[in-house]
Every structure is written in structure tokens, then in C-alpha cells.
Amino acid sequence: MGEEGKSGRPRGLGTRLTHAARDRKLTLGGVNPVVQKASTVIVESASKLFDPGGWTYGRHGTATHEALKQALCEIEGAEHCVLAPSGLMACILPFLAFAGAGGHVLVGDNVYGPTRRFVDRMLPRWGCEATYFDPLIGAGVARLIRPETKLIFVESPGSMTFEIADAPAIAAAARAAGVVSVMDNTWSAGVFHKPLALGFDLSVQANTKYVSGGADILNGAIHLNDEKLLVRLRETVADLGVNVAPDDAYALLRGARSLAMRMDHHQASALEVARWLEKHPAIVRVLHPALESDPNHALWKRDFTGASGLFSIVLNPMPTAKVHVFLDPLDLFGLGFSYGGFESLVIHCDPQLKRTASSPELGGPLIRLSIGLEEPADLIADLEQALAQVS
Ligand SMILES: *Cc1c(COP(=O)(O)O)cnc(C)c1O
């Protein structure tokens, strides 16, 4: 729809997401796009059968997918978007598209665990080597780039330990060497961080989290501006036969409509809870880049316009059994993986923390909280009663 309408005034994200994908071709006059379920798409004439620009087969998407992509491009400020059936698939598609036998990739040491498992288990089988780097390395990543390096993958902030990478410096090093740069941008929901504007080639999101907001869909997307990279990514998706169900695309678009407003709520509530936790005697540290006390605060302030609802706390040193004495009494926080849904969640991170290139000094058990849409005062009261068990 574009950044401005007839008034000439640049429109805010909430406005753009309300009006995205409202073309009559997609909606048939309804407010929402149609859910077009199709394997076969009947084309109008023989000359269109092999038309690469048109919809020809369900695997390559239908009107519903097109509608979702238009909305997602508004969020990330991207020209193009490639959909994937999960956030993890969106993370690994760039490796499959741009790296291969004889190649080398650089991966941030704090990336999402399943992304790391793909790098460790699958890439070696295709003869591709990986080097992990300290997420705080910044411009120093240039020293790790080899002639055969194809891709640099960064997640900022890391979704358990919340280091902020110096994104412009890493993107510039990648660009200077002709290496594809990829940012996993799931934490910011794309609302508070625009990796493409900071120089990254690709910005990836697990739409499973904030874009959905409903804790009921797995989906991912890769956002980009570069046409050449787009062709390669689209070919990779087509070669692999991965596709997204139109019902999921429809439901995700519904989630995206309210994303900007939800993120404001997640941000404010999480900060309120984080500030309360900072003062609690049972807690060593709160890892939340929007807190002035956080070592990543300055970089966050420079490159982000806000914070989502996900952060971690470090408890006073205690054995795992005692950590469970804190977690089990929580009433409003579900014990579960993921984040970005309407409901608050909590996990114990230590069993899944894997580092080989850096060692964050935590000083106690690491607990991750996802702040949902409950009232923050209720969440604080719940945390207070559970922390009392271990204080
Ligand atoms: C959840 C998540 C993913 C993977 O998304 P799925 O849809 O669960 O496959 C990737 N990266 C980050 C940072 C995530 O939080």
C-alpha cells in the first residue's frame, strides 16, 4: 500500500497493517482476503501455463499467501518476502540456498537452539563447514571471513541471553566480502528492529511468535530487497517442496493486523515486570536490553525502537531442584517453550544453553519469561508468591 496515502502523511505501522492486502483482487470485496485453497490453479490461456509471474500451482502460493506477504513486507520494510512452513525452515532456507559443499558459514554463538542443531548435524553432511562467533564480536567478524565463506547468520538479541549484536558493523563486513548476511529478527517481531535498513541482506522471522500472537500456528518468513537473492530463495523453496497452508496464511494475517498494538502492550508490561524483578533479592540480574542497567543497552538504543515481551532473569545460585520449586507454583506463567502468544510463559534455560565460542557470565540459573497480555500487576503478584518459595 505504500508509506503514505493521498494526504501525503507517512503512515504508522498500525495504519499500514490495517490497510495492507485489501486489494479487491485478493478480497473479492470482503474486508479480508479470500482463503484460496488450491493445488491446481486454472490459468486463462495456454500462454499463461508457464508464466513465472502468475499463480500456477498451490505449492507456489495463492491469493491468501500473497495477502500475507504484503502485510509482512510492511512490518519489516521489505520489498519481498518468502514464506516458510515454520520459523526454523525460514532460518535454514538461507543456508540451503546460499551455502553448500566446500563452503563455510559464520554463525552467532547465541542462535536459537534448533538453528544450531541444523548447522551442527545437517551442514557437515553436505560438506559445508561452520564457525561460531561471539555475538558481541561486531566488526571483528571480518577476520573470520574466508574466501569460501558464503553466509553470516546472526540472531539479535539472542533469545535466551539477550546480547545485542552490532548489526550495521556485521552487515558491512559481510557486504565488503560479498557474503550473504542473515538476521533472525524474531524477538523484535520486526516492529522494533529493521535489519534490512541496517544493511542485512535477509531478515528472518518465526511468525509462530508475535505475528501470530495466538500460539496456534507454526510459520516463518524471510524478508529481503535484493532480486537476485529472491530468485535463489524462491528456487530453493520450489526445489524442496515446502509450502504453507492457506488457512495458516489467513490466520497469520489476522494476527498481523493487531501486531503494532500488541507489541506496545508486551513492551510496557515486560518492562514493568522486569523493573520489579530487578529489585527482588532472589534475583542476581535481569537480562533485558531496554533496561538502563543492561550491558547491551546502548547498542539496543541505537538500533532498536522498542522491546518485545521476552527477557531472562538470573536467580541466586541454587540447584536445579530448587529452580523447580520456584517454577512449579507459578500460576499465570505456563511452563512451555515459545513466546509471542497472548499467554505468559516461562522456561528454565540452562539445560539447553550451548556455547562454543563465548561464555556468558550469568552467575546463577537462567530463567526466560515471555510476558503475555495479562495485567502486569497480576503477573508481578504471581512471581512474588513463587519467588517467596526460594527466598
Ligand atoms: C521460535 C523461533 C524460531 C523457530 O520458529 P518455529 O516456528 O518454532 O520453527 C527461530 N528463531 C527464533 C529466534 C525463535 O524464537
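Residues numbered from 1 in each chain as written. Predicted model: local features only at pLDDT ≥ 70, side-chain atom pairs only at ≥ 80, totals over all residues. Heavy atoms only, no water.

A complete count under the given rule lists 4 aromatic pairs for this structure. Ring geometry for Phe95 and Phe118: centres 5.7 Å apart, planes at 50°, overall tilted. Placement of the pair is Phe95 in helix H4 (residues 87-98) and Phe118 in helix H5 (residues 113-121), with a sequence separation of 23 residues. Side by side, Phe95 and Phe118 carry an identical accessibility label, which is buried. Ring geometry for Phe95 and Phe153: centres 5.4 Å apart, planes at 25°, overall stacked. Pair noted here: Phe95 is in helix H4 and Phe153 is in strand S4 (residues 149-155), with a separation of 58 residues, a long-range link. (Phe/Tyr/Trp six-rings, centres within 6.5 Å; stacked < 30°, edge-to-face > 60°. Helix = DSSP H or I, 4+ residues; strand = E, 2+ residues; numbered from the N terminus. Buried < 20%, exposed > 50% of the residue type's maximum accessible area, 1.4 Å probe, protein only.)

A word on the sheet that holds strand S2 (residues 104-108). Taken together, 7 strands build an open sheet; the order of strands is S1-S7-S6-S5-S4-S2-S3 and the sheet is mixed. With partners counted over all chains shown, the strands left at the sheet margins are strand S1 (80-84) and strand S3 (129-133), one partner each. When the angles between neighbouring strand axes are averaged without regard to direction, this sheet yields 20°. The sheet contact formed by S2 and S4 spans 4 bridges and is parallel. By the bridge assignment, Leu106 is partnered in S4 with Ile152. Taken strand by strand, H4 contacts S1, S2, S4, strand S5 (180-184), strand S6 (202-206) and strand S7 (220-224), and its axis lies near 150° from that of S6. (Pairing = 2+ DSSP bridges. Axes fitted to C-alpha atoms, helices over the stretch in contact; angles between N-to-C directions. Contact = heavy atoms within 4.5 Å.)

Taken domain by domain, the protein chain comprises domain 1 (13-257) and domain 2 (259-387). Contacts between domain 1 and domain 2 engage 44 residues on the former and 40 residues on the latter. Of all residues in domain 1, Met160, Phe192 and Tyr210 give up the largest surface area on contact with domain 2, accounting jointly for 26% of the area buried on that side. In this assembly, domain 1 and domain 2 are joined by 3 salt bridges. Between Arg302 and Asp166 there is a salt bridge whose closest N-O contact spans 2.7 Å. Linking domain 1 with domain 2 are 24 residue pairs in polar contact (both at pLDDT 80 or more), by the criterion used here. Elements that contribute at least two residues to the side of domain 1 that touches domain 2 include exactly helix H1 (13-19), H5, S3, helix H6 (167-177) and helix H8 (246-257). In the side of domain 1 that touches domain 2, the residues fall into 23 nonpolar, 13 polar and 8 charged. (Domains from an automatic or database assignment. Buried area = accessible area lost by both parts, 1.4 Å probe. Salt bridge = Lys/Arg side-chain N within 4 Å of Asp/Glu carboxyl O. Polar contact = N/O pair within 3.5 Å; in protein donor to acceptor, adjacent residues only side chain to side chain. Nonpolar A, V, L, I, M, F, W, Y, C, P; charged D, E, K, R; others polar.)

In terms of nonpolar packing, the biggest core is built from 75 residues, with Leu259, Leu277, Phe311, Ile313, Phe326, Ile367 and Leu369 touching the most fellow members. It is helix H9 (residues 259-278) that provides the largest number of residues to this core, a total of 8 residues. No fewer than three residues from each of domain 1 (13-257) and domain 2 (259-387) sit in this core. If near-sequence neighbours (up to four positions away) are discounted, Leu277 is found in contact with Ile283, Val286, Phe311, Ile313, Leu369, Leu383 and Leu387. Core analysis: the next-biggest nonpolar cluster, separate from the first, contains 32 residues, Val82, Val111, Leu151 and Leu202 among them. (Core = buried A, V, L, I, M, F, W, Y, C linked by side-chain atoms within 4.5 Å.)

Before going further, it helps to spend a moment on the environment of Phe153. Judged by relative accessible area, which is 0%, Phe153 ranks as buried. With sequence-adjacent residues up to four places away left out, Phe153 is seen in contact with Cys91, Phe95, Leu106, Val107, Gly108, Val111, Thr115, Phe133, Val182 and Asp184.

For the rest of this paragraph, the subject is H9. End to end, H9 covers 28 Å across 20 residues, agreeing with the expected 28 Å (1.5 Å per residue, within 8%). Residues Leu259, Ala260, Arg262, Met263, His266, Gln267, Ser269, Ala270, Leu271, Val273, Ala274 and Leu277 constitute the buried set of H9. (Expected span 1.5 Å × (residues − 1).)

On to the pattern of salt bridges, then. If you walk through the whole model with that rule in mind, you get 12 salt bridges. For the salt bridge of Lys354 with Asp120, the shortest nitrogen-to-oxygen distance reads 3.5 Å. With Lys354 in the loop between strand S11 (345-348) and strand S12 (366-370) and Asp120 in helix H5, the pair connects residues that are 234 residues apart, well separated along the chain. In this structure Lys354 comes out as partly exposed when scored by relative accessible area, which is 48%. Taking the shortest distance from any N to any O, the salt bridge between Arg146 and Glu129 comes out at 3.2 Å. On the criterion of sequence distance, the pair formed by Arg146 in the loop between S3 and S4 and Glu129 in strand S3 is long-range, its members being 17 residues apart. We classify Arg146 as partly exposed; its relative accessible area is 28%. Each of Glu129, Arg146 and Glu148 takes part in one network of salt bridges that share partners.

The omega torsion of the bond from Ser156 to Pro157 falls at -10°, within 30 degrees of zero and hence cis. Looking at the element boundaries, Pro157 is found in the loop between S4 and H6. If you check the backbone angles, Ala189 has positive phi at about 65° while not being a glycine. As for its placement among the helices and strands, Ala189 is situated in the loop between S5 and S6. The exposure class of Ala189 is buried, given its relative accessible area of 0%.

Not every one of the 15 residues close to the ligand is listed here, only the nearest: Gly87, Asp184, Thr208, Lys209 and Tyr339. Between the ligand and the protein, one listed contact pairs an oxygen atom with a side-chain N or O atom of Tyr339 at 2.8 Å. Bound to the protein, the ligand loses 93% of the 380 Å² it would expose on its own. Per-element accounting of the shell around the ligand gives the leading share, 3 residues, to H4. (Near = heavy atom within 4 Å. Areas by Shrake-Rupley, 256 points an atom, 1.4 Å probe, with all protein chains shown as cover.)

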